[in-house]
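The primary structure of each chain is shown beneath.
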Amino acid sequence: MKVIKLLLGGYIWFCALSITVMIVAFLFFLIKNSIYPLLNIPISNILSELFPAIIGSIAVTLSSVAIASPVGIMTGIFINEYTNGRTRNRLVFIFKVMGGIPSIVIGIFGFIIILVVNRAIGYNLRPCLFVSSLSLALLILPYIVHSTVIAFRSISLKEKVIGLSLGVKKHQNIFYILFPKSLPALFSGIILAVGRAAVDTAVIMLTGVAAMAGMPSSLLKPYEALPFYIYLRSSEYRNINELSMVYIAAVIIIIICIGLLYVSNYIHKRILIRIKR
Amino acid sequence: MTVKEKTVGQAIKTGGWIIVASTLMFPAMLIFLSLPLLNENSILQILSGEWDTENKLYGILPFIATSFFIASVSTLISFVFGFGISLFSYHYKKKIFGKILSKVIQYMTGVPTVVYGFAGIFILVPLVRKYTESSSGYCLLTIFLILAVLILPTIVLYINESFSLVNSKMLTAAQSLGATKEQLYLYILIPKSIRGIVVALILGFSRAISDTMIPLMLSGNALQFPESFYMSARSLTAHIAMVLPGEYDGIEFRVIFFIALLLMLIVLLYNIIINYLEKRSEGH
Amino acid sequence: MSNDYKLQIENLCFAYDRDYILEDSDFIIPSRKISAIFGASGTGKTTLLTLFSLLFRELENYRISGKIYFNDSGNIVDILSIRHDFWEIRRKIVYIAQEPNPLDVSIFRNIAFPMKLNGITNKKIIKNTVIESLERVHLYNEVNNRLKDSALELSGGQMQRLCIARALAMKPEIILLDEPTSSLDSENKEKIEDLIIELGQSNTIIVVSHDREQIKRVSDVVFECKGRKVLKID
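Residues numbered from 1 in each chain as written. Chains lettered and ligands numbered in written order. Predicted model: local features only at pLDDT ≥ 70, side-chain atom pairs only at ≥ 80, totals over all residues. Heavy atoms only, no water.

Draft legend 1. Expanded view of the overall build of chain A. Helix and strand counts for chain A come out as 10 helices and 0 strands. Helices and strands in chain A line up, N terminus first, as α-α-α-α-α-α-α-α-α-α. Dimensions of chain A, computed from C-alpha atoms along their principal axes, come out at roughly 75 × 70 × 35 Å. A total of 277 residues make up chain A; the buried ones form 53% of that total. A separation threshold of at least 6 residues defines the contact pool for chain A, and within that pool the share at least 24 residues apart is 75%. In the form shown here, chain A has an accessible surface area of approximately 12,800 Å², with 70% of it arising from carbon and sulfur atoms. (Helix = DSSP H or I, 4+ residues; strand = E, 2+ residues; numbered from the N terminus. Buried < 20%, exposed > 50% of the residue type's maximum accessible area, 1.4 Å probe, protein only. Contact = heavy atoms within 4.5 Å. Areas by Shrake-Rupley, 256 points an atom, 1.4 Å probe, with all protein chains shown as cover.)

What follows is the structure, given as structure tokens:
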């Protein structure tokens, strides 16, 4: 029995240590290669190089979330409150599957949008900010629907019935009483969706991001984005300055996603505390 | 404001169904756009041939093989380490380092694949170039390793959840009968979580096969059959990313839609399997 | 069918999740009296209230048959035949839950809000109704200086009285009380029982309870839920 204990112990410590070493090594590597440029290159240089990508990312992320949120929330409310058991299960399944679709396939969906508009309506739509926003919205829609369904599902029958037992109409109950109750859970779900939209590369690669587009000037023009910048410059950089930019961009993206994840978790914890009350 | 409940209800239902229909329109379009392929080249040819645009060969077998190859090997590697980490977190869940490890793994889920690709290029590729037979460092081995790290948090978090769902009464009962920790894990915890472990594997595999950036950035994307760890090869997802931005028409193009359809069907399949497995465990 | 009844129940059968809870029950709830429904737990007392208030329509997996005639000021309606807009009945047959469940808003809003949602917008009417309802449950004196404070800060007994006040503001035809004192201490229990007796002089009330003493004190008519049937007791 002692052998088993040793083997098992050795195994789990080996795994834990390996991953720890990997993470530490990565962080060390990242910091080592970005501290020097961060301290020595003037901020204005960094910004002028990365700014278009940062603004482009913000623009496309915000627009996709602006499209997907109301649509997703309404759909989630529809699924949870206005459908019966069997239909509801099927719809939840459909959106679960949509949520698992590889992002490159969603990029193809965006491409299909371009094709359909070109062939059916005749308008010569090209890959641009607008198409990317729509495609990213498609990407994150299932997550928002899922968050909404869960948020509403977690409202107990007793709470649902307070308004109804006083003669409040169904939609009034949903929008004036249940919706405010669901907001924290919804919000944390939306933040996760924001994080997802901000860092996805495959979708924007097929629908409108470009290498050198400058600041996003119009919805119907290509734009730059941070994840694509990292992808492109990782394989094509000409000198150490450009390389430093990639490291800094990577640091920025990591801070953004981990930050968003942290905020989402924080809101989640606050909800759990509230429920215990 | 006497808005009838029925009217609002019908408006919401109509809106809801419109959205669902619009969402389903896209997979439908994929099928529609892939249909011409059935006429010109038989599906069998596409699925089994090699890709060689000059010789009019549009087989995607190399890509399929590459995708499955890298997904399987990464999932395996990831599982070996992930399972150990889950056990570690479970065993040490009261100690501070156990908690920290769990937290760190949880936050790893936030890191996007581009960053993993980036880490791969700048850390791993030079190492692989130096210590193995690969001449450039951009080969399948690199992909296995980085992809394994990418899907690790997915696997760990799911197995953790399965562990936590194991009936604690059973565990305390066994403990009070004098079982050691190892016996607890080997004879109760793990057997009772088998379903969750299988689901974790499937989730990891599907995540690995769906990823685009890591195969794209780290493999060299050569048009050849993946025969060894040190070769360069192209996955289904990387192929889409490379062909699509150029705007052509014709068979080359339509094959892309077919590949997308294939990937979607794989996702559908694994969702059905996971749904089935999770339903079984709920009935427990 | 004298006009002195509020609810006439005929042949009522109700099953939930394939479990029959009520079978072939016939009885009459008189108006302007306090009817008590008594029985051990799980015998369907609360279920009866969810049937009267049409709240059972929010469930799935149920089966119902029979008729419940509601005497709505001379207008007689079988509420089980209603298929939508249940809120119209629920304004008149109000259900008050076992555990106090105020909304997470101020004391004032708790009563004013359902009124607003039901179409009453005149601020003066709202304010007067709020004060009147709070006075009827003897809560106004205790809270008149903190109407804007959160309702969640009230004690259990006060919250329960607030929920009753909230129901009274709807000016209902029937008030359904589900085990109104089970989550309260004995001092508050007595206060609520006195309140019920007082309200019973001008309202039709149906109280569900498993407390024999309480039922003896409070009710004019008693029904027992036994073996899936509802029987009148003298």
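Still more to cover.
Draft legend 2. Seen up close, the interface of chain A and chain C. Opposite the 19 residues of chain A that make contact, chain C presents 21 residues. A combined buried area of about 1,700 Å² lies between chain A and chain C, and 65% of that area is made up of carbon and sulfur atoms. Looking only at chain A, the three residues that lose the most surface to chain C are A:Ile162, A:Ser165 and A:Leu166, adding up to 33% of its buried area. If you look at where chain A meets chain C, you find 1 salt bridge. Between chain A and chain C we count 3 residue pairs in polar contact (both at pLDDT 80 or more) in total. Among the residues making up the side of chain A that touches chain C, the classes are represented as 8 nonpolar, 6 polar and 5 charged. (Buried area = accessible area lost by both parts, 1.4 Å probe. Salt bridge = Lys/Arg side-chain N within 4 Å of Asp/Glu carboxyl O. Polar contact = N/O pair within 3.5 Å; in protein donor to acceptor, adjacent residues only side chain to side chain. Nonpolar A, V, L, I, M, F, W, Y, C, P; charged D, E, K, R; others polar.)

Draft legend 3. Structural detail: the packing of aromatic side chains. Within the structure shown, the criterion is met by 27 aromatic pairs over all chains. Relative to C:Phe113, the ring of A:Tyr176 lies with its centre 6.1 Å away and its plane at 80 degrees, an arrangement referred to as edge-to-face. Within this pair, whereas A:Tyr176 is found in helix H7 (residues 170-199), its partner C:Phe113 is found in helix H3 (residues 107-117), the two belonging to separate chains. Across from the ring centre of C:Trp87, 4.7 Å away, lies the NZ or CZ of A:Lys169, which sits over that ring. Over the aromatic face of B:Tyr90 sits the side chain of B:Lys93, whose NZ or CZ is 3.7 Å from the ring centroid. (Phe/Tyr/Trp six-rings, centres within 6.5 Å; stacked < 30°, edge-to-face > 60°. Lys NZ or Arg CZ within 6 Å of the ring centre and 35° of its normal.)

Draft legend 4. Fine view of the interface of chain A and chain B. With 72 residues of chain A in contact, the opposing surface of chain B contributes 76 residues. With both chains or domains summed, chain A and chain B bury close to 6,500 Å², and 82% of this area falls on carbon and sulfur atoms. Counting every contact that joins chain A to chain B gives 3 residue pairs in polar contact (both at pLDDT 80 or more). Examining the composition of the side of chain A that touches chain B, we find that 17 residues originate from one element, helix H1 (residues 2-40) of chain A, more than from any other. Grouping the constituent residues of the side of chain A that touches chain B by class yields 56 nonpolar, 9 polar and 7 charged.

Draft legend 5. Molecular detail of the sheet that holds strand S4 (residues 62-72) of chain C. Residues and elements named next belong to chain C. On the basis of which strands lie adjacent, the open sheet formed by 4 strands has the order S2-S1-S4-S5 and antiparallel pairing. Of all strands in the sheet, those with a lone pairing partner are strand S2 (19-30) and strand S5 (75-78), marking the two edges. If you compare each strand with its neighbour and ignore which way they point, the axes differ by 5 degrees on average. Sheet strands touched by helix H1 (residues 45-52): strand S1 (5-16), S2 and S4. Its angle to S1, the strand with the most contacts, is close to 115 degrees. (Pairing = 2+ DSSP bridges. Axes fitted to C-alpha atoms, helices over the stretch in contact; angles between N-to-C directions.)

Draft legend 6. Local environment of the pairing of strand S8 (residues 204-209) of chain C. Residue and element names in this part refer to chain C. The buried fraction of S8 amounts to 6 of the 6 residues, a majority that puts the element mostly inside the structure. Side chains of S8 alternate between two faces, with Thr204, Ile206 and Val208 and Ile205, Val207 and Ser209 buried alike. Relative to S8, strand S3 (residues 34-38) runs parallel, the two sharing 5 bridges. The partner of Phe38 across the bridge, within S8, is Ser209. Two elements, strand S7 (residues 174-178) and S8, share 5 bridges in a ladder whose sense is parallel. Each residue of the ladder has a partner; that of Asp178, found in S8, is Val208.

Draft legend 7. Just the domain arrangement of chain A, in detail. All names here are of chain A. In terms of domains, chain A is made up of domain 1 (1-40) and domain 2 (42-276). With centres defined by C-alpha atoms, the gap from domain 1 to domain 2 works out at 32 Å. Of the roughly 670 Å² buried between domain 1 and domain 2 on both sides combined, carbon and sulfur atoms contribute 82%. Of all residues in domain 1, Leu30, Pro37 and Leu38 bury the most surface against domain 2, accounting for 55% of the area lost on that side. Counting across the interface, domain 1 meets domain 2 through 0 salt bridges. One can count 0 residue pairs in polar contact (both at pLDDT 80 or more) joining domain 1 with domain 2. Within the side of domain 1 that touches domain 2, the residues separate by chemical class into 5 nonpolar, 3 polar and no charged. (Domains from an automatic or database assignment.)

Draft legend 8. Representation of the confidence of the model for chain B within the structure. Here chain B averages 84 in pLDDT, and 88% of its residues register 70 or above. Per the prediction output, this complex has pTM 0.89; the corresponding ipTM is 0.87. (pLDDT = per-residue confidence, 0-100.)

Draft legend 9. Structural detail: the side chain of C:Asp78. Residue and element names in this part refer to chain C. By secondary structure assignment, the location of Asp78 is in strand S5. Buried charge without a partner: Asp78 forms no salt bridge, and the closest opposite charge is Lys67, 4.4 Å away. The residues touching Asp78, leaving out its near neighbours within four places in the chain, are Gly66, Lys67, Ile68 and Tyr69. (Lys, Arg positive; Asp, Glu negative; His and termini not counted.)

Draft legend 10. Broad picture of unusual backbone geometry. Residue and element names in this part refer to chain C. The backbone phi angle of Asn11 is positive, close to 55 degrees, even though this residue is not glycine. Note that Asn11 resides in strand S1. When its relative accessible area of 44% is taken as the criterion, Asn11 is described as partly exposed. In this structure, Asp24 takes a positive phi of about 45 degrees despite not being glycine. Tracing the backbone through its elements, the reader meets Asp24 in strand S2. The exposure class assigned to Asp24 is partly exposed, which follows from its relative accessible area of 40%.

Draft legend 11. Molecular detail of the nonpolar core. With 176 residues, the main nonpolar core has A:Val105, A:Ile108, A:Phe109, A:Tyr231 and B:Leu30 as its most contacted residues. Ranked by residue count, the leading element in this core is helix H6 (residues 140-165) of chain B, at 15 residues. Residues from two domains meet in this core; each of domain 1 (1-40) and domain 2 (42-276) of chain A gives at least three. Excluding residues that lie within four positions of it along the chain, A:Val105 makes contacts with B:Leu30, B:Ala260, B:Leu263 and B:Met264. If you look at the next biggest cluster of nonpolar residues, it comprises 38 residues, including C:Val94, C:Met115, C:Ile192 and C:Val218. (Core = buried A, V, L, I, M, F, W, Y, C linked by side-chain atoms within 4.5 Å.)

Draft legend 12. Up close: the environment of A:Arg270. Within the fold, A:Arg270 resides in helix H10 (residues 240-276). Counting along the chain gives 86 residues from A:Arg270 to A:Pro184, while the straight-line C-alpha distance between them is 8.3 Å.

Draft legend 13. The sheet that holds strand S9 (residues 221-226) of chain C, seen in detail. Residue and element names in this part refer to chain C. On the basis of which strands lie adjacent, the open sheet formed by 6 strands has the order S6-S7-S8-S3-S9-S10 and mixed pairing. A strand with exactly one partner marks an edge of an open sheet, and here the two such strands are strand S6 (93-96) and strand S10 (229-233). The mean angle between the axes of side-by-side strands here comes to 20 degrees, regardless of whether they run parallel or antiparallel. The sheet contact formed by S9 and S10 spans 5 bridges and is antiparallel. Along S10, the bridge assignment pairs Cys225 with Val230. Here helix H6 (residues 156-168) sits on the sheet and contacts S6 and S7; the angle it forms with S6, its principal contact strand, is near 170 degrees.

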